[in-house]
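Below, each chain spelled out in residue letters.
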Amino acid sequence: MDLRLTPDEEHFRREVRTWLESNLPTGWGTPAYQAPEGAAAVVDFARGWQQKLHEGGWAGLTWPRECGGRDASYVEQLLFGEEYARAQAPDLMTISVGTGLVGPTIIAKGTAAQRERFLENILTGKEVWCQGFSEPGAGSDLASLRTRGEVKGESIIVSGQKTWTSFAMLSDWCILVVRTDPDSERHGGLSFLLVDMKSPGITIRPLKEMTGHAWFNEVFFDHVVVPKENVVGEIHHGWDVVIATLMHERSATAGHVRLQIEQERLAALARRDASADGKKRLDPLTRQQLAQHAIDCTILRYTAYRNVTKLQRDGVPGPEGSTVKLFASELEQRIQQSASELLGPRGLLVADDPRTVEHGHWNYELLWSRAATIYAGTSEIQRNIIAQRVLGLPR
Ligand SMILES: Cc1cc2nc3c(=O)[nH]c(=O)nc-3n(C[C@H](O)[C@H](O)[C@H](O)COP(=O)(O)OP(=O)(O)OC[C@H]3O[C@@H](n4cnc5c(N)ncnc54)[C@H](O)[C@@H]3O)c2cc1C
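What you are looking at is a predicted structure, and each value in this text was computed from that prediction instead of being measured. (Residues numbered from 1 in each chain as written. Predicted model: local features only at pLDDT ≥ 70, side-chain atom pairs only at ≥ 80, totals over all residues. Heavy atoms only, no water.)

Focus: the overall build of the protein
At step 1: Across its full length, the protein holds 11 helices and eight strands.
At step 2: Compactness check: the protein gives a C-alpha radius of gyration of 22 Å against a globular reference of 21 Å for 395 residues, within 12% of the reference.
At step 3: On the principal axes, the C-alpha backbone points of the protein span a range of 75 × 50 × 50 Å.
At step 4: Surface summary for the protein: the accessible area is close to 20100 Å², and the carbon and sulfur share equals 53%.
At step 5: Of the side-chain charges in the protein, 44 are positive and 50 negative, and the distance between the mean point of each set is 5 Å. (Helix = DSSP H or I, 4+ residues; strand = E, 2+ residues; numbered from the N terminus. Rg over C-alpha atoms; globule rule 2.2 N^0.38 Å. Areas by Shrake-Rupley, 256 points an atom, 1.4 Å probe, with all protein chains shown as cover. Lys, Arg positive; Asp, Glu negative; His and termini not counted. Charge placed at Lys NZ, Arg CZ, Asp CG, Glu CD.)

Structural data, given as structure tokens:
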């Protein structure tokens, strides 16, 4: 790929930077800033910020104009992501299922009526979505899912259980995969539904994570009625739609900046710690580890760029997204492991302990980083995809 930006792209980058500088919430990033606390407040804040991004023309960057987007290129999306991460602008993870997965899936596979009904409310943050794919017996092997959808007249009647459904308790809608053909096995006979989370028959039970949050949930469906008009793609042929969604989930492009910031933060901490101990230099082992993280962040950046080149060429995310997902999630864990070794017991103190380091940042990130190699497909699954679908190796 050509790594130089065109004058238009340079202009776009400056435009993003200027907009963020003048629109980030007042006091954002300063110690005095009161970040929202608790899942409901975090989601509310994200909705408001998404609305602001939409008004600024930054929502749905690569979506077509007729779908409310900006028709921007994938390079522009990358530049936006890099500037956004560099400014450490608000994390939109809580509402990203809608913007990152559902919107692109409906654009690619939905009906005109579905586009009309759902896209604008995703872009403005008015409606929040969750992803009902995983089940107690179907995670990596999603095609073995058992939640039933009985086709009855103009409706699908859903019964069964999903699990690990992030932010289900605060979501308006859910993308749900169910087995509509009871005689089918594996990938055949599945359907992809858009389900109103206020429908009678849905019960949500939170699951507490080791970070202390209860952000994901078990979701139970007891004869929940879903109109047929909310099926994406054909009934019994939902697997193609699932694959389109998963490709978008694994093709995030600007995670490298976030990890680079984390790596630089760790290096600064190591230097501060060493000078507080009266040492002029870090010990050689720590220096080597920190240097390796810096090298890995650079590798990740260029791998992400290569991915964007491919995306720009093909127009749809491909299996190469797995290389970025795999490398980024394992690098995140290596950085956090180094932080933990450097800080020793101090790194385990939680945010409200007076002796904690950087308000419990390192303890929280160490625990949270364990999830990175599980969500959006585990590392083993990414390796299988790379082996079979990128390198063409036998199963
Ligand atoms: C923080 C977080 C948020 C999540 N949010 C959501 C959400 O919103 N919606 C949703 O639907 N899901 C969500 N998930 C679930 C996630 O998608 C699954 O946990 C993941 O797909 C793995 O499935 P599993 O947990 O059932 O593990 P399993 O599939 O049971 O895997 C167990 C182990 O076996 C390995 N393994 C399995 N199959 C193979 C194979 N063929 N080859 C080699 N190794 C294999 C796996 O790598 C893993 O180490 C979330 C998970 C996390 C951690």
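Some thoughts on the packing of aromatic side chains
At step 1: Counted according to the given criterion, the structure contains 15 aromatic pairs.
At step 2: Ring geometry for F167 and W215: centres 5.1 Å apart, planes at 40 degrees, overall tilted. Separated by 48 residues along the polypeptide, F167 in the loop between strand 3 (155-166) and strand 4 (173-179) and W215 in the loop between strand 6 (202-207) and strand 7 (216-227) bring together distant segments of the chain. Here F167 matches W215 in class, with each residue buried.
At step 3: Feature note: the residues F12, W19, W49, W58, F80 and Y84 constitute an aromatic cluster, connected by ring pairs.
At step 4: Geometry around F327 places R334 over its ring, the cationic atom sitting 5.7 Å from the centre. (Phe/Tyr/Trp six-rings, centres within 6.5 Å; stacked < 30°, edge-to-face > 60°. Buried < 20%, exposed > 50% of the residue type's maximum accessible area, 1.4 Å probe, protein only. Lys NZ or Arg CZ within 6 Å of the ring centre and 35° of its normal.)

Here we look at the pattern of salt bridges
At step 1: Taken as a whole and assessed by the stated rule, the structure comprises 20 salt bridges.
At step 2: The residue D141 makes a salt bridge to R186 at a minimum N-O spacing of 2.9 Å. In this pair, D141 is assigned in the loop between strand 1 (129-132) and strand 2 (148-152) and R186 in the loop between strand 4 and strand 5 (190-196), connecting sequence segments 45 residues apart.
At step 3: Given a relative accessible area of 37%, R186 falls into the partly exposed group.
At step 4: By sharing partners, the salt bridges in this structure join R13, R17, E82, E83 and R86 into a single network. (Salt bridge = Lys/Arg side-chain N within 4 Å of Asp/Glu carboxyl O.)

Here's the deal with unusual backbone geometry
At step 1: The phi torsion at D71 lies on the positive side, around 60 degrees, for a residue other than glycine.
At step 2: Note on D71: relative accessible area 47%, which makes it partly exposed.
At step 3: Even without glycine at this site, Q88 takes up a positive phi of about 50 degrees.
At step 4: If you trace the backbone, Q88 turns up in the loop between helix 3 (74-86) and helix 4 (96-109).

Description of the packing of helix 7 (residues 255-276) against helix 8 (residues 284-314)
At step 1: Interhelical geometry of helix 7 versus helix 8 gives an angle of 170 degrees and a closest axis separation of 9 Å. When the interaxial angle is binned, helix 7 and helix 8 end up roughly antiparallel. For the pair formed by helix 7 and helix 8, the contact residues are H256, L259, Q260, Q263, L266, A267 and A270 on the first element and L290, H293, A294, C297, L300, R301, A304 and Y305 on the second.
At step 2: When the residues that make up the contact of helix 7 with helix 8 are grouped by side-chain class, the tally is 10 nonpolar, four polar and one charged. (Axes fitted to C-alpha atoms, helices over the stretch in contact; angles between N-to-C directions. Parallel < 35°, antiparallel > 145°, perpendicular 65-115°, else oblique. Contact = heavy atoms within 4.5 Å. Nonpolar A, V, L, I, M, F, W, Y, C, P; charged D, E, K, R; others polar.)

A closer look at the site of the ligand
At step 1: Not every one of the 17 residues close to the ligand is listed here, only the nearest: Q131, S140, W164, T378 and E380.
At step 2: Here an oxygen atom of the ligand and a backbone polar atom of F133 are 3.0 Å apart.
At step 3: Alone, the ligand offers 980 Å² of accessible surface; in the complex the protein occludes 64% of this.
At step 4: Grouping the amino acids of the shell around the ligand by side-chain chemistry returns eight nonpolar, eight polar and one charged.
At step 5: Two domains each donate at least three residues to the shell around the ligand, and these are domain 2 (129-237) and domain 3 (250-390). (Near = heavy atom within 4 Å. Polar contact = N/O pair within 3.5 Å; in protein donor to acceptor, adjacent residues only side chain to side chain. Domains from an automatic or database assignment.)

By themselves, these figures tell us nothing about what the structure is for.
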